[in-house]
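# Observations on the model geometry
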There are 2 protein chains.
Amino acid sequence: MPRMPAPDPLSTASHAASNTASNATLSYEQAGVRYDVIDPLKVAAQRAAAATAQHLAGHGFAEVAASRGESAYVVDVGPFHLASIVECLGSKVLVADAMKALTGRSYYACIAQDTIAMAINDLVTVGATPLVVQAYWAAGGSEWFEDRERAEALVAGWRAACDHCRVAWGGGETPALAGIVESGRIDLAASCTGIVQPKERLSLGERLGHGDAIVLLASSGIHANGLSLARKLAERLPRGYLTEVAPGLDYGEALLAPTTLYSPVTEALWAAGIRVHYAANITGHGWRKLLRHPGRFTYRVHTVPPVPPVLAFIAREAGHDATEAYGTLNMGAGFALFVPAEQAEKAVTVAERCGVPAWAAGAVEAGPKRLIVEPLGVTFDADALSLR
Amino acid sequence: MPRMPAPDPLSTASHAASNTASNATLSYEQAGVRYDVIDPLKVAAQRAAAATAQHLAGHGFAEVAASRGESAYVVDVGPFHLASIVECLGSKVLVADAMKALTGRSYYACIAQDTIAMAINDLVTVGATPLVVQAYWAAGGSEWFEDRERAEALVAGWRAACDHCRVAWGGGETPALAGIVESGRIDLAASCTGIVQPKERLSLGERLGHGDAIVLLASSGIHANGLSLARKLAERLPRGYLTEVAPGLDYGEALLAPTTLYSPVTEALWAAGIRVHYAANITGHGWRKLLRHPGRFTYRVHTVPPVPPVLAFIAREAGHDATEAYGTLNMGAGFALFVPAEQAEKAVTVAERCGVPAWAAGAVEAGPKRLIVEPLGVTFDADALSLR
């Protein structure tokens, strides 16, 4: 179950402050996400799911077992690999709804891009080219669609994101789920199917090794992870989402910057001859996702990307030190690529030609499983991330 | 957008009674589903989605255009076709939750099968073999998973349905969406990816012709369509879900019979040499789904399957005549196959060997687009179903 939430030992351990005290620090669990409760289900589901892989043999195919626990599920279907995923946007719609009430504007074109990014940015980590996206738009009632400006923004943003990623929008579902989804709200998700072709493009990490370079790709802001925390913070700000986080930039506006879509970069890298050994989409757990690979390596980062104003603001307001901030939020790096050292600079050039700032930010070394972020004096050990 | 809801002219036209009058008839719109509001969005989304198909050429592939408007989206990826879909369960969880409160039992193993059936039964209509299912379990909060019996039933039922259909459970999402999904509720969906191999197995209807036989496969009950109506009826029954619909069978219990999974039948039919020309999953719009094929044919049904007690009960209590009942509910036929006349009896035998009762129930004829259900004296004209 690649995306089933994982335990979050760091933030549970480090904070006991109440989230009602206005100047208290605010951890992810205090913002309402309880990994301890979801986890036993996740383990049971992972075991049950793994046991079903045997069925593929009956069709003449086989699971790529290394994809269990990774960001997308991969099946060897003969001439190429098939990759698939379903991803939820999460609570970012609540920020869009709050900002609509404050500004009168619809942010659903951005929200559509966020939703597609959740699926596509995960799918490409395994080396897949995304081909088809399906829309899952579950509204609290038919009346959600009566706001034509909002509904049209959702459609236009969805299409634009598909165009940007060169995927076909296959179809979808627009159920009206009164009694399940709250009135006036919408639960957005996307499924995505792609292929890994040629098969050697698979980047599940077998080739990751000492000496590989870590290339970080810029994020556009918070993307779609950390929003529970961000919303909780808004509640205790006197001006809420209208608080300035940079000159002329409101908190809500900044939160709603759409998630960067990374598939144009991964496609361009392949076309340019870059061999990605492994990739991590930096979502929940922030930079701890750099520890995602199951192997035993030390990741040493010497260059830290500039921090988007909205993330610096959240870290400051939540009272996070660098460990908690980088262990929770993307802090300016939305995606990590692990490539041969001699290809790192070329990878940076290719990404920037796609409009995505990038940094040859560090290296993979022999050593205990650990992430060392040198400029910050921060270290995350092996137990900082448990996704499997 | 295969599954975006379509207008429902029959039931809007035929009822003006208030749903508060306890003996009044009850149409689908009165039960809270308003197709008129969703529809303009559906049209805009369909157009935007269709325009994205061009991107597949950039990857060396092409959409199978006839799959637009069908139950799953199909892409020609060279050696075979790729089919994909995302499907929502809908409001059947509300019946499970109500019955849990009344009986103390968890029905989530059944609900899991329903959710997978929504995706798989649609995917197989195009001739695809389902390979991978992804789970989308969006709860109103982490506490949904604290009911271990319920969570374990969901996992066990999901696995059992995957085993029955011989698909791999690839992974999924279990977001906790407080503020979006109602507290104590869960929004369930499944995505499914499959392949059409060999390509001539594609059953998008090019081969449908006069003289083909209509084979109907038995449903297990209401499946997962018509639940808004069924729930509304429960509200006006003095004993609600505990009303007997047959000796020893409660209404709620009967509603929760899990949806029949049809992929074992479609796989067995192919293995037995049956050439399915077209297939329709009988879900929303009931038997009007027999008019799904875009061509101009008359469908004459001479044999009507036995009606499950729960559907006879709903039709009676809602005051539906045969036209409204068969135009809304599956009435005992959950899936329709259109096969060469000389293969009809063999198809019935193969289906029954899979444990699914089946009937060679009618024939495709030259004539205006129309469904004639002879034993009932019911006719549905071309305008009874508008899905494209």
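Rules used in this analysis
Residues numbered from 1 in each chain as written. Chains lettered and ligands numbered in written order. Predicted model: local features only at pLDDT ≥ 70, side-chain atom pairs only at ≥ 80, totals over all residues. Heavy atoms only, no water. Pairing = 2+ DSSP bridges. Helix = DSSP H or I, 4+ residues; strand = E, 2+ residues; numbered from the N terminus. Contact = heavy atoms within 4.5 Å. Axes fitted to C-alpha atoms, helices over the stretch in contact; angles between N-to-C directions. Core = buried A, V, L, I, M, F, W, Y, C linked by side-chain atoms within 4.5 Å. Buried < 20%, exposed > 50% of the residue type's maximum accessible area, 1.4 Å probe, protein only. Least-squares fit on C-alpha atoms with pLDDT ≥ 70 in both. Domains from an automatic or database assignment. Buried area = accessible area lost by both parts, 1.4 Å probe. Salt bridge = Lys/Arg side-chain N within 4 Å of Asp/Glu carboxyl O. Polar contact = N/O pair within 3.5 Å; in protein donor to acceptor, adjacent residues only side chain to side chain. Nonpolar A, V, L, I, M, F, W, Y, C, P; charged D, E, K, R; others polar. Phe/Tyr/Trp six-rings, centres within 6.5 Å; stacked < 30°, edge-to-face > 60°. Lys NZ or Arg CZ within 6 Å of the ring centre and 35° of its normal. pLDDT = per-residue confidence, 0-100. Disulfide = S-S within 2.5 Å.

## Brief notes about the sheet that holds strand β6 (residues 186-196) of chain A
All names here are of chain A. What the six strands build is an open sheet, ordered β1-β2-β3-β6-β4-β5; its pairing is mixed. Each having just a single partner strand, β1 (62-63) and β5 (168-173) make up the two edges of the open sheet. The pairing of strand β4 (residues 129-139) with β5 spans five bridges and is parallel. Directly across from Gln134, in β5, lies its bridge partner Gly171. Along the sheet, helix α5 (residues 108-123) contacts β3 (81-88), β4 and β6; its crossing angle with β6, the most-contacted strand, is approximately 40 degrees.

## A short note on the sheet that holds strand β14 (residues 370-373) of chain A
Each strand in a sheet pairs with its neighbour through backbone hydrogen bonds, running either in the same direction (parallel) or in the opposite one (antiparallel). Residues and elements named next belong to chain A. Pairing in this open sheet of seven strands is mixed, and the strands run β10-β12-β7-β13-β11-β14-β15 from one edge to the other. The open sheet has two edge strands with one neighbour each: β10 (278-281) and β15 (378-381). Along the sheet, successive strands turn relative to each other by an average axial angle of 20 degrees, direction set aside. Contacting β7 (213-218), β12 (333-339) and β13 (358-365), helix α12 (residues 344-353) runs over the sheet at an angle of about 150 degrees to β13.

## As for the nonpolar core
Core analysis: the largest hydrophobic core is formed by 252 residues, its most contacted members being Tyr251(A), Trp287(A), Ile314(A), Tyr251(B), Trp287(B) and Ile314(B). Sequence-distant contacts of Trp287(B), defined by excluding residues within four places in its chain, comprise Leu216(B), Ile282(B), Val301(B), Val304(B), Pro305(B), Tyr326(B), Leu329(B), Asn330(B), Met331(B), Ala333(B), Leu371(B) and Val373(B). Formed by 24 residues, the second largest nonpolar core is a distinct cluster that contains Tyr73(A), Ile195(A), Leu56(B) and Val77(B).

## Digging into the relation of the copies chain A and chain B
For the pair chain A and chain B, the superposition axis carries a translation of 0.0 Å, the fit reaches an RMSD of 0.0 Å, and the rotation angle comes to 180 degrees. Such values leave the two copies arranged in the relation of a two-fold axis. Of the C-alpha atoms belonging to chain A, the one lying closest to the rotation axis is found on Val181(A), 2.1 Å away. When you check the interface residues of chain A against chain B, 100% turn up at the interface there too, and the contact is symmetric in its surfaces.

## Digging into the domain arrangement of chain A
All names here are of chain A. Split by domain assignment, chain A resolves into domain 1 (9-34 + 204-384) and domain 2 (75-201). Opposite the 29 residues of domain 1 that make contact, domain 2 presents 33 residues. Between domain 1 and domain 2 lies a buried interface of about 2800 Å² when both sides are counted; carbon and sulfur atoms form 64% of it. The interface formed by domain 1 and domain 2 holds two salt bridges in total. Where Arg201 meets Glu267, a salt bridge forms, and the shortest distance between an N and an O atom there is 2.8 Å. Here domain 1 is connected to domain 2 by 15 residue pairs in polar contact (both at pLDDT 80 or more). Put simply, the parts of the chain that give the side of domain 1 that touches domain 2 at least two residues each are α7 (227-236), α8 (251-255), α9 (263-271) and β10. Ranked by residue count, the leading element in the side of domain 1 that touches domain 2 is α9, at five residues. Of the residues in the side of domain 1 that touches domain 2, the class split is 16 nonpolar, nine polar and four charged.

## What about the pattern of salt bridges?
Within the structure shown, the criterion is met by 29 salt bridges over all chains. Salt-bridge contacts for Asp97(A) lead to Arg185(A); the nearest nitrogen and oxygen are separated by 2.8 Å. Here Asp97(A), found in helix α4 (residues 92-103), pairs with Arg185(A), found in the loop between β5 and β6; they are 88 residues apart in sequence, far enough to count as distant. Among the salt bridges present, the one from Arg68(B) reaches Glu63(B), with a minimum N-O distance of 2.9 Å.

## So, the packing of aromatic side chains
Summed over all chains, the structure comprises 26 aromatic pairs over all chains. For the pair Trp137(A) and Trp169(A), a centre-to-centre distance of 5.9 Å together with 50 degrees between the ring planes defines the contact as tilted. Taken together, the residues span a long stretch of sequence, with Trp137(A) in strand β4 and Trp169(A) in strand β5 at a distance of 32 residues. Pair check on accessibility: Trp137(A) and Trp169(A) agree, each one buried. Both rings, one in Tyr262(B) and one in Phe335(B), keep their centres 5.1 Å apart while their planes meet at 35 degrees; by these two values the pair is tilted. With a gap of 73 residues between them, Tyr262(B) in the loop between α7 (251-255) and α8 (263-271) and Phe335(B) in strand β12 (residues 333-339) connect regions that are remote in the sequence. Positioned over the ring face of Trp144(A) is Arg150(A), at 3.9 Å from the centre of the ring.

## Considerations on the pairing of strand β13 (residues 358-365) of chain B
All names here are of chain B. Relative to β13, strand β7 (residues 213-218) runs antiparallel, the two sharing five bridges. Bridge pairing links Ala213 to Ala363 in β13. Relative to β13, strand β11 (residues 298-301) is paired through four bridges, and the arrangement is antiparallel. Bridging from a neighbouring strand, Val301 pairs with Gly362 of β13.

## Topic: the confidence of the model for chain A
For chain A, per-residue confidence averages 91 on the pLDDT scale, and residues scoring 70 or more make up 89% of the total. Every residue in residues 1-23 of chain A scores below 50 in pLDDT, and together they form 76 contacts with partners more than four places removed in sequence or on other chains.

## Focus on the side chain of Thr298(A)
Residues and elements named next belong to chain A. Relative to the helices and strands, Thr298 resides in strand β11 (residues 298-301). A residue is classified by how much of its surface remains accessible, and Thr298, at 4% relative accessible area, is buried. Polar contacts involving the side chain of Thr298 include one to the main-chain carbonyl oxygen of Pro368, which spans 2.5 Å. Those residues within four positions of Thr298 in sequence are excluded, and the remaining contacts are Ala363, Val364, Glu365, Ala366, Gly367, Pro368, Arg370 and Ile372.

## Section: the interface of chain A and chain B
Listed per partner, the contact involves 86 residues of chain A and 86 residues of chain B. Of the roughly 7000 Å² buried between chain A and chain B, counting both surfaces, carbon and sulfur atoms make up 67%. Remark: the boundary between chain A and chain B carries zero salt bridges. When its residues are assigned to classes, the side of chain A that touches chain B shows 52 nonpolar, 21 polar and 13 charged.

## Some points on the state of the cysteines
This structure, assessed with the given rule, holds zero disulfides over all chains. The thiol sulfur of Cys88(B) is not disulfide-bonded, and the nearest other cysteine sulfur, from Cys88(A), lies at 13 Å. With no disulfide of its own, Cys165(B) lies closest to Cys162(B) among cysteine sulfurs, the gap being 7.5 Å.

## Some points on the side chain of Ser84(A)
Residue placement: Ser84(A) occurs in strand β3. Once residues within four sequence positions are removed from consideration, Ser84(A) is found in contact with Ala72(A), Tyr73(A), Leu123(A), Cys192(A), Thr193(A), Val132(B), Gln134(B) and Thr193(B).

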